Amino acid sequence: MGEMLEWLQFVLAPQVINGASIGVAVVLMALGLTIIFGLLDVINMAHGEFYAIGAYAAVALLGVGLPFWWALGLTPLLMAVVGYATERTLIQRVFHSKERHTLTLLLTFGLAIIMEDALKIVFGANPLRLEAPISGASEVFGLFFPNYRLFVMALGSGVIAAVWLVVFRTRLGAMVRAAAYDRHMAASLGVPVAVVYAGTFAFGVALAGLAGVLLAPIYSVFPTMGRDFVLIAFSVVIIGGLGSIKGAVIAGLLLTQVQSISSLYISPVWSDPLLFAIMVLVLMWRPQGLFGRLGHA
Amino acid sequence: MREMTVEPMVLSPSVTGRLLRHPIRSLAWLFFGLALLFAVVAGIQGDVFFFRLATESLIFGGLALSVDLLLGRTGLLPLGQALFFGFGAYVSALVLKQGLPSFWLAMAVVLVSTTLVGLVAGMIAIRAKGVYFALISFGLAQVVSKVVFNTRELGASDGIIGVPVPQISFGFFTVDAASPGGFFLLVLCFSAALYAVLAYLMETPFGRQLAAVRANEHRVPFLGFDPWRYKLAAFVLAANVAGLSGAFYPMLRGFVSPELMFFQVSGNAVINVIVGGTGTLIGAFYGSAVLTVLRSVVGSFTAHHQIVIGVVFMVSVIFFPKGLIGHGVAALTRWQSRKEGA
């Protein structure tokens, strides 16, 4: 019994908490992906690069002497502007085509290639390190955890809760849901659909940027940093159901737990195949993912 | 307005010119003719570098061809086709190195094994529809490439080096894969054969079924056909085409590496198809040739050629969704009808 408790406290608990701190960042990414898909039917292949740009924006803002907290606040705003511009200038060009799904996926894929190379040109291909703004560690369950990870968890959870509240409890959220359900009806009821679309895209991109800044001090910053991370986010969104907010949150937290707990037993090399196997099994059982799409109940 | 795929069969009845009865097929003849012309010129010059580059462009053209079979003809967007390309390359390298250095044996093993792997991967991926399929194929390739990258038995990140160069026997003559011109011609013949087989298949009832699946999958069952079976068949066929193309890679370069399965290779194949012309099949080879030239020209000025490729790709998605061949065919048709009208 005592052995069991020790195992829980010293082996399992650290993995759970570390997993959860990555988990909230994954959920932020997945939320962006799923909201953009739920409303616009767009698979944003550039989401990982927006995440990387967020991290680099923080590097650049810190480079001009701003404190980390300013970078944390400013980056999502900057990314929102970038996202808004992307939606208006690129996505809208092919939005009314019959093959919208494919064309927008291809466009954002092209954008990803360009952004990745642009990051390499501006910042170089070598990984950069970012100093964690909060040092030290706190005691949780008799174990010490880096304060910064605890902060990431707290802030991330706050943002996720705020997104939930805005989408499901405010007038703005109702407009977004209405536009996702039936854009023609929403437009005739006076919802400025074009602005809602661009705004939602901007919001999703801002969330990716925020995840980028938050994780920058934990991981190193390099141009292709978004690739593996976005793969996890995509798995999360597919399992949770493309376009589902609830699905992104639940699947995101669960999957990162699976990943971090399984790494106790299997080599981390196999954690991606494991996630993927889970994804395939879920799809066999429910091809549309666990939960329904935004605006569709 | 922005229809991506070219419908090769729809032609205005006034067009009766021989050239334009099959405008896409004429462009295919043109492609292989130009390639032969290139071989003659490069052969006279005693060139090595451009032969190698052109061979590589054909090999990646074959991969793009498999993408077009799925994207342009079946309506499935594969974002992980490099999985089968890399798989074919690895199998071919292993057969040549560990087994017998026999070209035909390597090709036969690749054909059989890609069929099996294609069946398994297809059963997983075909369950998913639309964007789900794209993401699943993306994930499948990503996971497998990572496993290969970490498997020491397969050389991990270094891949397999020192693959012997096979002598390719045709009974009464032999082609040395080390001879740049000879190997180019071999790959060219092979690419032409792959194209011809697929172009022929598209004219058969099987090809019509794929077109029906692409146009409206939900109506196919009402006609008494099972769309799932046709999609799986197309998927396996595409796996074969990609794998066989990949099988040439170690013969050309003497090594394979996990990079062959990475997303960049899959992505480039999709770019080749879109730039060349979706649904035209031959567009895959045109796209691969054009982008290979572009890459090596831009690459001689800067290491950042991806950004240029990205811009070309986006411009072609937005402004030229029918690709080189699609717009080429339209221009040819206009030119022809003007000539007939005059």
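Residues numbered from 1 in each chain as written. Chains lettered and ligands numbered in written order. Predicted model: local features only at pLDDT ≥ 70, side-chain atom pairs only at ≥ 80, totals over all residues.

Observations concerning the overall build of chain A
Right, on to step 1. Scanning chain A for helices and strands turns up eleven helices and two strands.
Right, on to step 2. In chain A, the succession of α and β elements from N to C terminus is α-α-α-α-β-β-α-α-α-α-α-α-α.
Right, on to step 3. The C-alpha radius of gyration computed for chain A amounts to 19 Å, which stays within 12% of the reference 19 Å derived for 297 residues, consistent with globular compactness.
Right, on to step 4. With respect to the three principal axes, the spread of C-alpha positions in chain A is 65 × 50 × 35 Å.
Right, on to step 5. The buried share of chain A, reckoned over its 297 residues, is 47%.
Right, on to step 6. For chain A, long-range pairs separated by at least 24 residues make up 77% of all intrachain contacts whose partners lie at least 6 apart in sequence. (Helix = DSSP H or I, 4+ residues; strand = E, 2+ residues; numbered from the N terminus. Rg over C-alpha atoms; globule rule 2.2 N^0.38 Å. Buried ≥ 20, exposed ≤ 12 C-beta atoms within 10 Å, placed from the backbone. Contact = placed C-beta atoms within 7 Å.)

Observations regarding the overall build of chain B
Right, on to step 1. In terms of helices and strands, chain B carries 13 helices and two strands.
Right, on to step 2. Here the C-alpha radius of gyration of chain B, 20 Å, is about what a compact globule of 342 residues would show, namely 20 Å.
Right, on to step 3. C-alpha extents for chain B along the principal axes are approximately 60 × 50 × 45 Å.
Right, on to step 4. The 342 residues of chain B split such that 49% are buried.
Right, on to step 5. At a minimum sequence separation of 6, the contacts of chain B that also span at least 24 residues come to 78%.

Re unusual backbone geometry
All names here are of chain A.
Right, on to step 1. Located in the positive-phi region is Asp41, a residue other than glycine, with phi close to 65 degrees.
Right, on to step 2. Mapped onto the secondary structure, Asp41 falls in the loop between helix H1 (2-40) and helix H2 (47-63).
Right, on to step 3. Judged by the 17 C-beta atoms lying within 10 Å of it, Asp41 falls in the partly exposed class.

Some thoughts on the interface of chain A and chain B
Right, on to step 1. With 34 residues of chain A at the contact, the number on the chain B side is 30 residues.
Right, on to step 2. When contributions to the side of chain A that touches chain B are tallied by element, the ones reaching two or more residues are helix H3 (68-94), helix H4 (100-123), helix H9 (225-240) and helix H11 (271-285) of chain A.
Right, on to step 3. Ranked by residue count, the leading element in the side of chain A that touches chain B is H4(A), at 15 residues.
Right, on to step 4. Along the lines of polarity and charge, the residues of the side of chain A that touches chain B split into 23 nonpolar, five polar and six charged. (Nonpolar A, V, L, I, M, F, W, Y, C, P; charged D, E, K, R; others polar.)

Digging into the nonpolar core
Right, on to step 1. Counting residues in hydrophobic clusters, the biggest one holds 198 residues, and the most contacted among them are A:Met29, A:Ala233 and B:Ile282.
Right, on to step 2. Ignoring anything within four residues of it in the chain, the contact list for A:Ala233 reads A:Val26, A:Met29, A:Ala30, A:Leu33 and A:His47. (Core = buried A, V, L, I, M, F, W, Y, C linked by C-beta atoms within 7 Å.)

A short note on the confidence of the model for chain B
Close reading of the predicted structure is inappropriate where its pLDDT is low.
Residue and element names in this part refer to chain B.
Right, on to step 1. Confidence in the prediction for chain B averages 84 pLDDT; 94% of positions are at 70 or higher.
Right, on to step 2. Predicted confidence is poor over residues 8-19, with pLDDT under 50, and the contacts of this stretch with residues over four places away or in other chains come to ten contacts.
Right, on to step 3. As a predicted assembly, this complex carries a pTM of 0.85 together with an ipTM value of 0.83. (pLDDT = per-residue confidence, 0-100.)

With respect to the environment of B:Gly181
Residue and element names in this part refer to chain B.
Right, on to step 1. Here Gly181 is to be found in helix H7 (residues 180-203).
Right, on to step 2. A count of 17 C-beta atoms within 10 Å places Gly181 in the partly exposed class.
Right, on to step 3. Put simply, Gly181 and Phe50 are 131 residues apart on the chain and 9.7 Å apart in space, counted from C-alpha to C-alpha.
Right, on to step 4. Discounting chain neighbours no more than four positions away, the residues touching Gly181 are Ala39, Ala42, Gly43 and Phe51.

Side note on helix H6 (residues 130-149) of chain B
Right, on to step 1. The end-to-end C-alpha distance of H6(B) is 29 Å, a good match for the 28 Å that 20 residues give at a rise of 1.5 Å each.
Right, on to step 2. With respect to burial, H6(B) is a largely interior element, 16 of its 20 residues being buried. (Expected span 1.5 Å × (residues − 1).)

Regarding the packing of H1(A) against H9(A)
Axes are the key here: two packed helices are described by the angle between their axes and the distance separating the axes.
Residue and element names in this part refer to chain A.
Right, on to step 1. Between H1 and H9, the shortest axis-to-axis distance is 9 Å and the interhelical angle comes to 65 degrees. Classified by chirality, the crossing of H9 by H1 is right-handed. Contact residues: Val26, Met29, Ala30, Leu33 and Thr34 in H1; Phe229, Val230, Ile232, Ala233, Phe234, Val236, Val237 and Gly240 in H9.
Right, on to step 2. Here the contact of H1 with H9 is built from residues that sort into eleven nonpolar, two polar and no charged. (Axes fitted to C-alpha atoms, helices over the stretch in contact; angles between N-to-C directions. Left-handed = near helix turned anticlockwise from the far one by under 90°.)

Concerning the environment of A:Leu242
Right, on to step 1. Position of A:Leu242 relative to the elements: it lies in the loop between H9 and helix H10 (245-262).
Right, on to step 2. The spacing of A:Leu242 and A:Ile43 is 199 residues in sequence and 9.3 Å in space, taken between C-alpha atoms.

Some thoughts on the packing of H11(A) against H6(B)
Right, on to step 1. Here H11(A) crosses H6(B) at 150 degrees, and the two axes come no closer than 9 Å. Looking at the two axes, H11(A) sits roughly antiparallel to H6(B). In the crossing of H11(A) with H6(B), the sense of the turn from one axis to the other is left-handed. Between H11(A), through A:Asp272, A:Pro273, A:Phe276 and A:Met279, and H6(B), the contact on the second element is made entirely by B:Gly139, B:Val143, B:Lys146 and B:Val147.
Right, on to step 2. Classifying every residue of the contact of H11(A) with H6(B) gives five nonpolar, one polar and two charged. (Parallel < 35°, antiparallel > 145°, perpendicular 65-115°, else oblique.)

Some points on the environment of B:Ile282
Right, on to step 1. Along the polypeptide, B:Ile282 turns up in helix H11 (residues 282-299).
Right, on to step 2. Not counting the four nearest positions on each side in its chain, B:Ile282 is found in contact with B:Ile24, B:Leu27, B:Ala28, B:Phe31, B:Tyr195 and B:Ile325.

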